[in-house]
Structure formats: structure tokens, C-alpha cells
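Examination of the molecular architecture
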Number of protein chains: 4
Amino acid sequence: MSGNTFGKLFTVTSFGESHGPALGCIIDGCPPGLELSEADLQKDLDRRKPGTSRHTTQRREADEVRILSGVFEGKTTGTPIGLVIENTDQRSKDYSKISQQFRPAHADYTYQHKYGVRDYRGGGRSSARETAMRVAAGSVARKYLEQRLGIRVRGYLSQLGPIRAEKLDWSQVDQNPFFCPDADKVPEMEAYMDALRKEGNSIGARINVVAEGVPPGLGEPIFDRLDADLAHALMSINAVKGVEIGAGFDAITQKGTEHRDEMTPEGFLSNHAGGVLGGISSGQPIVASIALKPTSSLRLPGRSIDVDGNPVEVITTGRHDPCVGIRATPIAEAMMAIVLMDHYLRHRGQNGDVAVSTPDIGQV
Amino acid sequence: MSGNTFGKLFTVTSFGESHGPALGCIIDGCPPGLELSEADLQKDLDRRKPGTSRHTTQRREADEVRILSGVFEGKTTGTPIGLVIENTDQRSKDYSKISQQFRPAHADYTYQHKYGVRDYRGGGRSSARETAMRVAAGSVARKYLEQRLGIRVRGYLSQLGPIRAEKLDWSQVDQNPFFCPDADKVPEMEAYMDALRKEGNSIGARINVVAEGVPPGLGEPIFDRLDADLAHALMSINAVKGVEIGAGFDAITQKGTEHRDEMTPEGFLSNHAGGVLGGISSGQPIVASIALKPTSSLRLPGRSIDVDGNPVEVITTGRHDPCVGIRATPIAEAMMAIVLMDHYLRHRGQNGDVAVSTPDIGQV
Amino acid sequence: MSGNTFGKLFTVTSFGESHGPALGCIIDGCPPGLELSEADLQKDLDRRKPGTSRHTTQRREADEVRILSGVFEGKTTGTPIGLVIENTDQRSKDYSKISQQFRPAHADYTYQHKYGVRDYRGGGRSSARETAMRVAAGSVARKYLEQRLGIRVRGYLSQLGPIRAEKLDWSQVDQNPFFCPDADKVPEMEAYMDALRKEGNSIGARINVVAEGVPPGLGEPIFDRLDADLAHALMSINAVKGVEIGAGFDAITQKGTEHRDEMTPEGFLSNHAGGVLGGISSGQPIVASIALKPTSSLRLPGRSIDVDGNPVEVITTGRHDPCVGIRATPIAEAMMAIVLMDHYLRHRGQNGDVAVSTPDIGQV
Amino acid sequence: MSGNTFGKLFTVTSFGESHGPALGCIIDGCPPGLELSEADLQKDLDRRKPGTSRHTTQRREADEVRILSGVFEGKTTGTPIGLVIENTDQRSKDYSKISQQFRPAHADYTYQHKYGVRDYRGGGRSSARETAMRVAAGSVARKYLEQRLGIRVRGYLSQLGPIRAEKLDWSQVDQNPFFCPDADKVPEMEAYMDALRKEGNSIGARINVVAEGVPPGLGEPIFDRLDADLAHALMSINAVKGVEIGAGFDAITQKGTEHRDEMTPEGFLSNHAGGVLGGISSGQPIVASIALKPTSSLRLPGRSIDVDGNPVEVITTGRHDPCVGIRATPIAEAMMAIVLMDHYLRHRGQNGDVAVSTPDIGQV
């Protein structure tokens with residue numbers, strides 16, 4: 001299939017441009033019988049929604065999602081779920097400049113090269129606006145995972161530029177505009193962002209995502225390993241430049257005796273593996289971490305070229321997130337949930353008659 | 001499809017256990033007319049082959065590959081290419097212990113949970129032995145990329161545990177057992193490995209892979225972005241715990257003005273993006289970096305459980321790589337080549353009639 | 001992926017129930033640069049639309065399609081094309097009976113078994129109403145095939161119950177409510193349908209579809225042969241029970257000397273193959289024929305069971321097509337166009353560098 | 001993926017040319033724990049094997065299959081099963097003529113056009129020799145279906161040219177070289193074949209395949225309907241020109257009251273649907289019928305062209321089946337089994353938590 005479908009048994013196919021009439025997606029393969037309403041999706045969409053604090057873009061989108069199919073009398077029917085969000089705040093604007101220039105570090109140049117044409121309004125398809133549909137689709141996955149399997153997928157911002165969260169207090173994550181789990185760091189982050197905004201610059205961030213309650217056995221080696229599909233899913237999010245599972249890059253300098261997670265009848269003694277061994281979930285929490293680059297839309301001028309190859313200086317005005325990482329937590333959660341959902345169904349399909357006699361040891 | 005196929009138009013489907021009769025794969029979608037012989041594949045296989053230095057496993061495998069189909073009169077015909085490598089050095093050995101225990105940080109526990117059964121001889125399917133077929137398949141991709149498109153994919157070991165390569169001299173890479181591009185560091189690495197082997201421990205490593213000559217336009221947003229598929233491919237390699245594209249995790253602390261790669265009529269001025277913008281190749285070198293965990297097979301005892309859930313102490317004797325990263329360079333090259341080949345064909349399929357008028361600027 | 005996506009490079013993913021809020025689909029992989037407007041799609045949709053003659057269901061649906069993405073300034077951009085048709089004539093009705101009974105020869109029983117739940121309003125997902133999206137998607141494929149490649153896909157009703165068309169006059173096909181190419185048979189068909197409607201019964205039909213101008217080379221043996229994918233596509237249309245390529249079932253009694261299509265420098269001398277040899281297009285017209293079963297919704301009572309397994313007598317009132325074949329011609333055309341489009345892109349992807357030196361002989 | 005993989009969860013990927021070193025396939029997704037040996041596969045391969053009666057090609061192939069992976073201690077492990085059959089009887093022969101000519105009704109012309117090159121020895125990839133791997137893969141599916149689910153897939157030749165079987169006596173099918181279920185017709189068929197061979201001509205045939213014991217619920221509408229996937233699978237077999245499910249083309253002239261299969265608490269009263277309603281199995285036997293064209297390799301001269309476009313007269317000597325239908329029964333059984341296996345796993349994956357409360361009525 002082409003590039004806008006993710007998953008094998010639980011598939012998400014997406015469409016929509018930043019300033020087109022609407023965004024939408026089709027979720028195919030959701031098991032029947034799950035209670036589902038637009039409110040379920042809205043809850044997650046509102047967490048990602050722009051314009052909720054001064055630290056994100058001031059574009060105002062209601063992001064109101066409509067369920068067009070696949071739900072009957074409040075429950076999923078097993079048929080594809082069609083979702084649509086109409087774009088409402090497509091601010092009329094003069095696009096003549098951006099249509100003739102390639103903004104540095106944006107997808108303008110590569111889309112033009114690939115397709116010979118591009119919808120330059122707000123970045124078109126390459127805009128992070130498409131992530132709204134990832135969140136909506138992830139919402140369906142998360143609900144199934146939680147209600148049927150007791151799997152909880154949660155994320156948080158662990159680093160904003162130079163500022164690292166040092167405590168992981170889940171109860172704090174939704175209490176600040178950064179999804180930061182360390183309340184003590186929030187004032188510092190606010191000050192940092194204010195200064196950055198004034199400067200007209202942007203900054204990168206790190207997001208961690210954790211899935212708890214994942215049963216052992218998910219993942220299809222050797223290519224569709226659970227960690228490989230997670231890497232695919234997470235790296236497909238706009239602005240992501242790196243993905244780690246468990247110890248990640250720290251594993252380079254770890255010795256075998258340090259990295260290996262020893263096991264006892266009471267459970268694993270550590271989780272450097274991040275919950276995946278040999279591409280298959282181990283029953284420990286699945287732990288992933290991603291790096292997001294700084295936003296490329298800056299008020300500070302940058303050198304670039306125009307469509308004829310002439311040098312130009314580009315300044316990006318308009319409404320932009322100075323740190324795309326700030327709104328990325330719900331997106332990363334969504335992608336992890338979609339991967340887990342897909343792999344749960346795949347595992348059930350191929351191994352549904354496996355009677356597991358293995359000791360099921362606890363989490364760390 | 002199930003988990004042992006990679007790619008959409010250039011697909012690699014693999015089989016084989018560490019101590020089964022043979023390994024093999026089917027390459028489907030290789031364009032016709034490419035000159036191809038077993039010697040082409042053997043060259044790359046020999047670079048990955050075990051037992052070539054004292055720093056890798058002493059298992060002796062000839063890794064002789066046979067081409068069973070898809071090549072006629074020395075050229076590919078467009079039909080699937082079947083490859084087989086017979087396993088020859090399946091040392092007869094007492095597996096009674098390993099069959100009853102789960103080695104820590106190995107896939108024993110997860111395979112048992114997933115399938116209810118496992119071929120415990122040498123790790124079965126989860127053994128890195130399967131990567132031989134990745135290298136063979138990657139060889140076909142690399143030959144096409146080089147001969148038809150002038151794309152060169154090369155990798156090197158950039159870090160061995162605490163020791164970092166500080167120079168990138170491509171001519172050195174194949175001159176030492178580590179694929180290290182910095183000749184000055186080789187003695188230090190040798191000494192480190194000797195001590196490690198004596199200690200019975202293992203260590204992680206970092207491999208970098210670079211593709212030069214990649215035309216702009218490859219990658220299929222939004223899910224099958226080039227970087228996302230690279231992350232999938234690279235994370236699917238045994239022992240990989242992290243993947244970076246371009247600046248990777250350094251992007252977290254970069255400001256927008258620093259990270260964005262400015263463009264001039266003469267080319268990009270930097271390559272923090274790693275050659276991918278919006279999920280599509282930019283014409284710059286594609287740069288990826290991966291972290292490999294230390295080998296889990298150690299002579300030093302580790303706590304674990306047996307199949308009945310009782311605590312056991314596990315010692316792994318036998319022939320093992322104390323640093324799996326040492327032999328991983330050809331594997332990483334292979335996976336990047338397979339991804340590029342697949343995306344080249346996909347791009348040509350969907351955009352074959354695009355007349356590109358965009359300025360094609362140089363590499364940095 | 002799950003079951004609501006068709007195609008590999010040109011993919012159509014569909015959603016929507018008969019009496020839900022809307023139908024929709026996503027077309028992924030359409031090459032950029034194709035002029036496309038809603039009017040293009042509407043033209044084909046109007047040919048399939050219900051309620052245009054007394055011989056089809058009297059349900060009145062405007063079937064107005066909206067393009068939500070993938071088109072910019074009147075041309076496709078290469079990004080996914082989202083389409084939606086809102087359902088307008090969902091006549092409020094008492095569904096209590098149908099919710100408790102399984103209509104014979106309908107999908108009620110099997111949907112209930114598969115999903116444990118079903119949207120019984122008008123057949124839900126199993127209603128032929130979903131074919132509207134096939135027609136819309138097929139429209140995009142047909143436009144590309146015609147404008148870029150000179151491929152024309154056309155169909156006609158060749159048999160209505162016992163009445164066979166004996167002449168193939170393409171100019172007549174759109175001049176009567178049956179898509180019948182033999183004007184002389186139309187009065188007979190009208191009389192037959194009037195009697196049938198009075199009787200409360202239904203009848204089967206045969207549709208033929210032909211693609212002219214197809215270049216040799218399309219089709220990917222051995223499983224994704226062009227004829228195999230056509231069979232998949234055509235058999236996936238509601239009510240289809242048989243698919244033939246070329247001579248079809250007549251081939252059973254043909255001798256080799258009769259069936260084989262001899263070739264001369266001026267072209268093939270016959271087309272028993274239906275334009276496909278070895279699963280690959282030969283340059284001759286692609287010819288397929290399908291059998292559609294009679295509608296199962298009848299006013300004449302039939303024996304069945306209710307959800308508790310008790311015997312019931314079922315009478316289906318409401319608005320139904322007494323011959324689903326009558327409106328099936330545009331649907332069959334659409335599916336053939338989608339298959340050809342997909343295979344054209346696949347062939348271009350994998351064989352785009354093949355320089356064909358073979359004599360290209362004419363059509364018969 | 002490319003064209004040599006069939007299935008989504010139970011996938012078969014195949015390679016091999018008629019006169020290359022070997023044929024092979026990879027079965028991915030077979031559940032673990034199934035007892036499997038080479039003897040299981042050999043049994044079915046021997047039924048398809050050439051040279052077992054005077055009515056089929058006299059090529060002598062042992063068709064000895066080796067299992068290279070995926071089976072451990074006599075049971076499947078859930079990892080991919082690699083199979084290989086070495087070609088032994090590649091009679092050395094002068095191919096200079098066939099390399100320069102296109103045999104009429106063969107794939108010579110289309111392969112040359114598609115790939116620009118072809119392995120002309122014995123038809124290369126387009127030879128029916130590849131069907132050996134279908135049979136081997138089908139064998140695995142059949143064993144699982146029978147042992148785990150009580151599903152039995154069986155086929156028979158229902159028509160040989162003008163001669164129709166009039167009785168269906170399953171016990172006769174393996175008692176004659178035609179897989180004919182009507183013993184009374186066998187002498188007539190033998191005489192017919194003898195005359196045909198003397199004449200140097202060939203003839204078509206019809207094969208029926210039936211699956212009994214299939215639970216209701218298999219099939220993934222709307223595109224991956226069970227009947228659509230069966231049509232795909234069966235039409236992908238060499239020489240097949242038509243596929244019917246249930247009533248097939250007879251449905252054209254059936255009235256609704258005749259075609260619809262009424263239901264009672266004791267079961268369906270007929271099976272015109274062929275066991276599929278709305279693309280989903282109904283619990284009745286799945287019934288399919290296929291038409292095979294006459295062999296194109298004839299001693300009687302036919303007009304054709306050579307690679308330069310000049311007219312030539314082609315005579316095919318060598319060893320050929322005068323009726324490919326004769327050996328096609330095991331192949332059709334194999335493809336139906338593969339489809340059912342794949343859909344069983346898909347259904348279990350997506351609907352594994354459905355508690356079916358529907359009355360499960362009997363077969364007819």
C-alpha cells in the first residue's frame with residue numbers, strides 16, 4: 001500500500017492538509033463491541049489542540065471530530081471507523097511569498113522535488129496538523145487497550161531544551177502546559193519559553209512514553225519486531241530525529257553484566273531492555289524515548305533559495321509552536337497505542353491457540 | 001503479511017534458525033537486467049562472517065550462498081531471487097541446560113511466552129545468525145543502487161564502549177576487525193576487547209551509516225517516511241536499542257537557528273537533518289546512527305529462572321561475540337540499502353511522470 | 001492491513017454504512033498533477049445513483065461527493081485524496097423486525113456471527129451503498145488512465161436474466177437504464193423488469209468490462225497476476241458470484257488449437273486470453289465478465305430464523321433494486337480501472353528502467 | 001509488497017524457475033505446535049507430481065521437499081518455514097529456437113515485454129512447475145485446518161473437455177489419474193485423452209473444490225471478502241480463466257426466490273451461495289469451481305512472431321501435459337486451504353474476543 005496507512009490488522013489510513021477543507025482518517029480492524037463516542041476522542045484531541053497556552057501556536061482550531069461510521073448504538077461494530085475534523089481557522093493570508101521560496105529545514109523543497117507541486121498553505125500535508133488524526137486514532141486504540149487488556153499508555157516531556165525533568169510524578173503531567181512530570185521545573189520552562197519567544201527562536205525536546213500492563217508475547221520477529229514497529233511509528237511523527245527503547249544510546253557504554261536484566265521468580269530486577277527482548281514484549285513496561293528537533297519556522301532570517309534557485313532570505317511570520325515537543329506527548333502516546341493494538345491483534349491471530357505454561361513474572 | 005517480510009516493492013522475506021539446516025531468503029521485486037553472481041553476495045557476507053578475528057565468535061561458518069532463482073545468464077530477470085546458506089558448523093552440544101532455563105536479556109523467555117515452544121539451539125530464530133541473509137539481500141540492493149543510481153551506502157563503527165572514533169577515514173574502515181574509521185584508535189580497541197574477553201564480559205557499540213548520492217524525493221509521508229522506514233529497518237537488527245537520523249538526540253538542545261540547514265544555490269550549508277526533510281530525501285547524504293547493546297551471552301553468572309519459575313544461575317559458555325557491534329556494520333549498511341532500494345522503486349512507481357523543475361542543489 | 005483497503009501503490013480504503021452519517025474513502029498513491037474536480041467524480045456517481053429509473057430502488061440519494069484533500073488549485077498533489085458523501089435519505093423507519101431476524105441470502109447472519117453485533121439499518125456495511133465510493137475512486141483511476149495513458153475502461157450489461165444482448169453498440173450503453181449495448185433488446189428488458197417488479201421477485205445479470213489501450217507488461221506474477229487481481233476486485237463487488245477473463249468457462253471445451261491466440265506481425269488473430277498471458281497484459285483489450293446474483297430483498301415470503309434460532313417468515317418491504325446488475329456496470333468499470341491503475345504504478349516502479357525492444361503488436 | 005507473496009497473516013512467498021536449480025517457498029505465520037514432517041508435504045506433492053500416468057507430462061521430477069526451518073522436534077515453532085525442492089530432471093536441450101520465438105498463448109511475449117529479458121528454459125517462472133510450492137504450502141494449511149479445526153478441503157475434476165462427471169463419489173477421486181469422482185466416466189476420459197495425444201492437441205477442464213466444516217465468520221469485507229480472496233487465489237493458478245462461487249454464472253438466470261438459500265433452525269435448505277454471504281463464511285460448505293484453458297504447448301503448428309517481429313511457425317515438442325486440468329486438483333485444494341488458513345487467523349486476530357450468541361445452524 002502507499003505511505004498513508006499504518007498497521008497490519010489495526011490500520012490507520014490518514015488524509016488532510018493544514019489548510020484544506022478537512023482532516024480525516026479510517027481506522028480499520030477495531031474489534032467490535034467497544035463503547036466509543038466522539039467525547040472519548042475529543043478528550044485526547046483537546047490535549048493536543050493548539051492555542052491552549054501562550055507557549056503554543058495561537059491558531060485556534062476547535063478540532064471537533066465526527067465519527068462517520070463503524071459505531072452503532074454506542075459501540076464499535078468491527079467495520080471501519082471513519083473520522084473527520086473540519087478545518088475552521090484557515091486564516092486567509094497572502095501565500096505568494098512562501099509559494100516561491102523554500103523555507104529552510106521545512107519539507108517545502110523535498111515535496112516540490114518529489115511531487116513537482118505542493119500545497120504551500122501552512123505546509124500542506126507536511127504540517128504537524130495531520131497529527132490530530134493520529135491522536136484521534138490512538139484514542140480508539142488506547143480505549144481498547146485500557147478497557148479490555150488493562151494496558152495503560154502514558155507519556156511525558158522529559159526534557160525541554162537544556163531543562164530536564166528530574167522527577168517522574170504522573171499526577172503532574174496534565175497540570176502544566178508542557179506535560180512535564182516535574183512540577184519544580186515548570187517555572188523554569190515557562191521562563192525559558194518566554195525568552196525564546198521573545199528571541200524569535202525555537203528549541204528541541206525529549207518525550208518519553210511508557211506502556212504498562214503489556215502482556216509478554218507481542219511482536220513479530222524478525223522484521224516486525226515490536227521495537228522496530230515502535231521505532232517506525234515514533235520516527236514517523238513530525239520533527240522526530242531519534243528513537244530509543246529502554247537504555248537506548250546508553251547501552252553503548254554499558255557492559256553486559258550491567259545491561260542484562262536479571263530475572264527472579266518475583267520479576268525482572270531492572271528494565272534496560274525497555275520491555276522488549278528479541279523483538280517481543282517481556283511483560284515489563286515498554287519504555288521509549290524520542291528526540292524532537294526545534295521548530296523550523298522562525299522570525300529570525302535564514303538563508304535559502306527560491307523556486308528558480310536564486311538566493312533568498314526567509315523570515316517566517318505567522319502562528320507557530322516555538323517548541324513542537326510541547327504538544328507532542330499525546331501524539332507519541334497515540335502512536336505507541338496504535339502499535340500495541342496492532343501487535344495485540346496480530347499476536348492473537350497467529351498465536352491464539354498457544355497455551356502459555358511459562359511463568360509470568362512481574363514488572364519492575 | 002507476517003513479520004518476516006520487509007519492504008513493499010523490493011521485499012525481503014527471510015527464514016532460518018541458528019542451528020537448523022539452513023538460512024534463506026527471497027528477494028522479490030529486484031528489477032531485471034542487473035548483473036548478479038554469487039561472488040557479489042559473498043563479498044559482503046565475508047565481511048560479516050564470524051571467526052575472522054579473535055574479537056568475534058569462533059564459530060566457523062563458510063556462509064556460502066547459493067542463488068536458486070531469479071538470475072539467468074548472469075543477470076536478474078525480475079522474478080524472485082531465492083538464496084540459501086546451509087549451516088555447516090552446528091557443533092553437536094548438550095542443550096539440556098539451555099532448554100530448561102531462560103538466559104537473561106535473551107529472547108528465550110519471550111519466545112517461550114509467544115509461541116509456547118522454542119528452538120533453543122543457539123537461540124534458534126532469535127540468533128543474530130539470521131542477519132547473514134540481511135547482508136546477502138542488502139548486497140543485491142547495494143549493487144543496484146551503485147550501478148544504476150550512483151548511490152553508495154557505507155558504514156563504520158563510531159564507538160566501541162567508551163572509545164570513540166575521532167576521525168572518519170573511509171579508507172581505514174575495512175583495514176581493521178572493527179570497521180573503525182580511525183586507525184589511531186584501533187590499538188586501544190584491541191586492548192579493550194582483549195581485557196573484556198578475559199573478564200568474560202561484553203560491551204555495546206555505535207554504528208554510523210551514510211548513503212551518498214541519494215536523489216531528492218525518496219520517502220512516502222506520512223507513515224512511510226524515509227526516516228521512519230529507516231528506523232524500522234535499523235531497529236529490527238538484533239541488539240539495536242536506539243536509532244538517530246542526522247542530529248538525533250542532539251536536536252533536543254539545539255535552537256532552531258542552529259539546527260536548520262540553510263540553503264544556498266551552491267547547496268545546503270549543514271546537514272543536521274541527516275538528509276531527510278518531511279520524511280523525504282533532500283539530496284544530502286542520508287546519515288543514521290544506531291546503538292547496539294552488549295552481548296547477553298556471558299561467562300559471568302547471572303540470576304534467572306527456569307521454565308518452572310525456579311531461580312537459577314545462568315552461565316553461558318560457548319562461542320559468542322563479546323561485542324555484537326563489531327560485526328554489525330555490514331548489517332546496518334544492508335538494511336539502509338534495502339530501504340533506499342524499496343523507496344526508490346516506490347517513488348518511481350508513484351511519481352514516475354513527475355518532471356522536476358526544482359533546482360537540484362549540491363550536497364554538504 | 002485489514003479488509004477495507006484495496007491495492008498496493010494506488011490504494012483505496014473505504015468506510016461507511018448504508019444508514020450511517022456518511023460514506024467515504026481515501027485514495028492513496030494517485031500521482032500528482034492530474035486535473036481533478038468534484039464534477040469529474042460526480043459524472044460517474046450519477047451513472048450509478050439510485051432512483052434514476054423505475055427499474056432501480058426509489059431511494060433518493062444526491063450522492064454529492066466532496067473532495068477533502070489531495071487536490072490543490074485543481075490538480076492532484078500526490079498526497080491522499082479524502083472523499084466523503086453524506087447520507088441524506090435515511091428514511092426513518094421501524095427496524096425492530098429486521099434487527100431480530102436474518103433475511104435469507106443477506107449478510108445478516110454472517111455479520112452477526114463474525115462481529116457479534118450488526119448495524120441492521122439497511123444492511124449496514126454489507127449494503128451495496130458502499131459501492132458509491134468504489135465508483136468515486138474508480139473515477140480518479142479512469143481519468144488518469146485515459147488522460148495519461150490512453151486507456152479506456154468501459155462496461156455494459158450483456159445479459160439480464162434470460163435476455164442476452166446480441167449486439168455490442170457502445171453508443172447505446174448510456175442511452176437506456178440498463179447499460180445495454182443492444183437497443184433492440186431494451187423494450188424486452190423493460191417489459192421483463194415490469195413483470196418482475198409486479199411479481200415481487202428479482203433476477204440475476206451479467207456485466208462485461210473491457211479495457212482498451214492497455215500496454216503490455218502489467219501484472220506481477222505469480223500471485224499478483226493481473227487476472228488474479230481483477231478476479232479479486234470484481235468478486236469483491238456485492239452479489240458477484242463468478243468472474244471470467246477472456247474465454248472464461250468456454251475454455252473448458254476448447255481445444256488448444258482453438259483457444260490459443262495466434263500472433264502475426266500485424267497483431268493477435270483472436271483474444272480468447274482476454275488480454276492476459278501468464279498473468280501479464282499482452283496489449284490486447286482486457287476482457288472480463290461477471291455474474292451477479294438476484295437481489296435477496298423480496299416481497300415474496302421466505303423461510304428463515306430469528307436471532308434466537310426460531311423459525312420465521314421474512315418479507316422485505318422497502319426500496320430495493322429488483323436486479324442489482326442494472327446499476328453494476330459503473331461499479332465493475334471502477335474496479336477494473338483501480339486494478340489497472342495500481343498495476344500500472346507497480347509495473348513502473350519495478351520495471352521503470354526496462355527498455356522494451358520487443359515488437360509491440362496491435363490489438364484484435 | 002511484490003507479487004510473489006500471498007496472504008496477510010498466513011503468507012506464502014515463492015520462488016523458482018522451471019529449469020533453474022530449485023524451487024522454494026517461505027510460509028510465514030503458521031501457528032506453533034503443529035506436528036509437521038516432510039512426509040506430510042510429500043503426500044500432497046506426489047498427487048501433483050508429473051509423470052505418474054501416460055496422460056501427463058513425462059518429465060520425471062522426484063519433487064522431494066526439504067524443510068529448512070520453522071520445525072523443531074517434529075513441531076512447528078511459529079517461525080517461518082523454509083521449503084526447497086531441487087530440480088533434478090532439467091533435460092539438457094537446445095533452447096535456441098524458443099529463445100527467439102514467442103509461443104502462442106504462452107507467457108513468452110508478455111514476460112519479454114515486462115522484464116525485457118526472460119528465462120526461456122521450459123517457460124522459466126511462468127511454468128506451472130511453480131505450483132509444486134503451492135501444493136507444499138497448501139499442505140501445511142490443510143494439516144492445520146484438519147487437525148485443529150476439523151475443516152476438510154477436497155477437490156475433483158468435474159469436467160474434462162466435453163465429458164462431465166455426473167456422480168460425486170469422493171472415494172473415487174484418488175482412484176484414477178484424473179481426480180474424477182465418477183468412475184463410470186473414467187474409461188471415456190482415458191479414450192478421449194489417448195485420441196487427443198495422438199492428434200497432438202490439448203483440452204480444457206473444470207475443477208471443483210469444496211471446504212467442509214468451515215465455521216461461520218471468516219472473511220473481511222469489503223475488499224478482502226472470503227469469496228474475493230478465493231477468486232484471487234484460484235485465478236492466480238496457471239491456465240485458470242474463470243472462477244465461480246456457489247451457483248456462479250447460473251445465478252444470472254436465477255430468480256431471487258430460487259437463488260436465496262432459505263434457513264430453518266435445522267440448517268440452510270440449499271447452498272446457491274456456495275457458503276459465503278456478504279463475503280463471510282456462513283457455516284455451509286465453501287464451494288468453488290474453476291475453468292482451466294487447454295495447454296498451449298502443441299505439436300500442431302501455430303502462427304506467431306519471433307523476437308524481431310517476423311512471422312514464424314511454432315511447433316512445441318518436448319514433454320507437456322495435454323490437459324493441465326488433470327493435475328490441477330491438488331493445486332486448487334492447496335490455494336483454497338491457504339485462503340481459509342489466512343482468513344481463520346485474521347478473523348481470530350480481529351474478532352478473537354467476540355462471544356457468538358447466534359444460533360449456529362447446520363450445513364446442507
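Residues numbered from 1 in each chain as written. Chains lettered and ligands numbered in written order. Predicted model: local features only at pLDDT ≥ 70, side-chain atom pairs only at ≥ 80, totals over all residues. Heavy atoms only, no water.

**Some words on the interface of chain D and chain B**
Taken residue by residue, the interface counts 45 residues in chain D and 45 residues in chain B. Joining chain D to chain B, the criterion identifies two salt bridges. Residue Glu86(D) is joined to Arg66(B) by a salt bridge in which the shortest nitrogen-to-oxygen separation is 3.4 Å. Linking chain D to chain B there are 16 residue pairs in polar contact (both at pLDDT 80 or more). Elements represented by at least two residues in the side of chain D that touches chain B include exactly β2 (11-16), β3 (22-28), β4 (65-67), β7 (81-86) and α3 (108-115) of chain D. It is β2(D) that contributes the most residues to the side of chain D that touches chain B, five residues altogether. Of the residues contributing to the side of chain D that touches chain B, the split by class is 18 nonpolar, 17 polar and ten charged. (Contact = heavy atoms within 4.5 Å. Salt bridge = Lys/Arg side-chain N within 4 Å of Asp/Glu carboxyl O. Polar contact = N/O pair within 3.5 Å; in protein donor to acceptor, adjacent residues only side chain to side chain. Helix = DSSP H or I, 4+ residues; strand = E, 2+ residues; numbered from the N terminus. Nonpolar A, V, L, I, M, F, W, Y, C, P; charged D, E, K, R; others polar.)

**Here's the deal with the UniProt feature "binding site: NADP(+)" (unreviewed entry) in chain A**
Residues and elements named next belong to chain A. As recorded in UniProt, the sites labelled "binding site: NADP(+)" (unreviewed entry) are Arg48 and Arg54. Within the secondary structure, arginine 48 is located in helix α1 (residues 38-48). For arginine 48, a relative accessible area of 2% translates into the label buried. Of note is the side chain of arginine 48, whose polar atom sits 2.9 Å from the side chain of threonine 131. By relative accessible area, arginine 54 is classed as partly exposed at 44%. Contact partners of arginine 54, with chain neighbours within four places excluded, come to Glu190, Asp194 and Arg197. (UniProt positions renumbered as here; feature names shortened; annotations may be inferred. Buried < 20%, exposed > 50% of the residue type's maximum accessible area, 1.4 Å probe, protein only.)

**Comments concerning the interface of chain B and chain A**
Taken together, the contacts link 119 residues of chain B with 118 residues of chain A. The contact between chain B and chain A buries some 9400 Å² in all, and 61% of this surface belongs to carbon and sulfur atoms. For the salt bridge of Arg303(B) with Glu262(A), the shortest nitrogen-to-oxygen distance reads 3.0 Å. Taken together, the connections running from chain B to chain A amount to 56 residue pairs in polar contact (both at pLDDT 80 or more). By the bridge criterion, three bridges tie strand β11 (residues 240-245) of chain A to strand β11 (residues 240-245) of chain B in an arrangement that is antiparallel. Bridge pairing in β11(B) links Val243(A) to Val243(B). (Buried area = accessible area lost by both parts, 1.4 Å probe. Pairing = 2+ DSSP bridges.)

**Brief notes about unusual backbone geometry**
In this structure, Ile222(C) follows Pro221(C) across a cis peptide bond, with omega equal to 5 degrees. Position of Ile222(C) among the secondary structure elements: in the loop between β10 (205-212) and α6 (226-235). Phi is positive for Ala105(C), close to 65 degrees, though the residue is something other than glycine. Residue classification places Ala105(C) among the buried residues on the basis of a relative accessible area of 7%. Here the phi dihedral of Phe179(D) falls at roughly 60 degrees; this positive angle occurs in a residue that is not glycine. Mapped onto the elements of the fold, Phe179(D) is located in the loop between β9 (163-164) and α5 (186-199). When its relative accessible area of 6% is taken as the criterion, Phe179(D) is described as buried.

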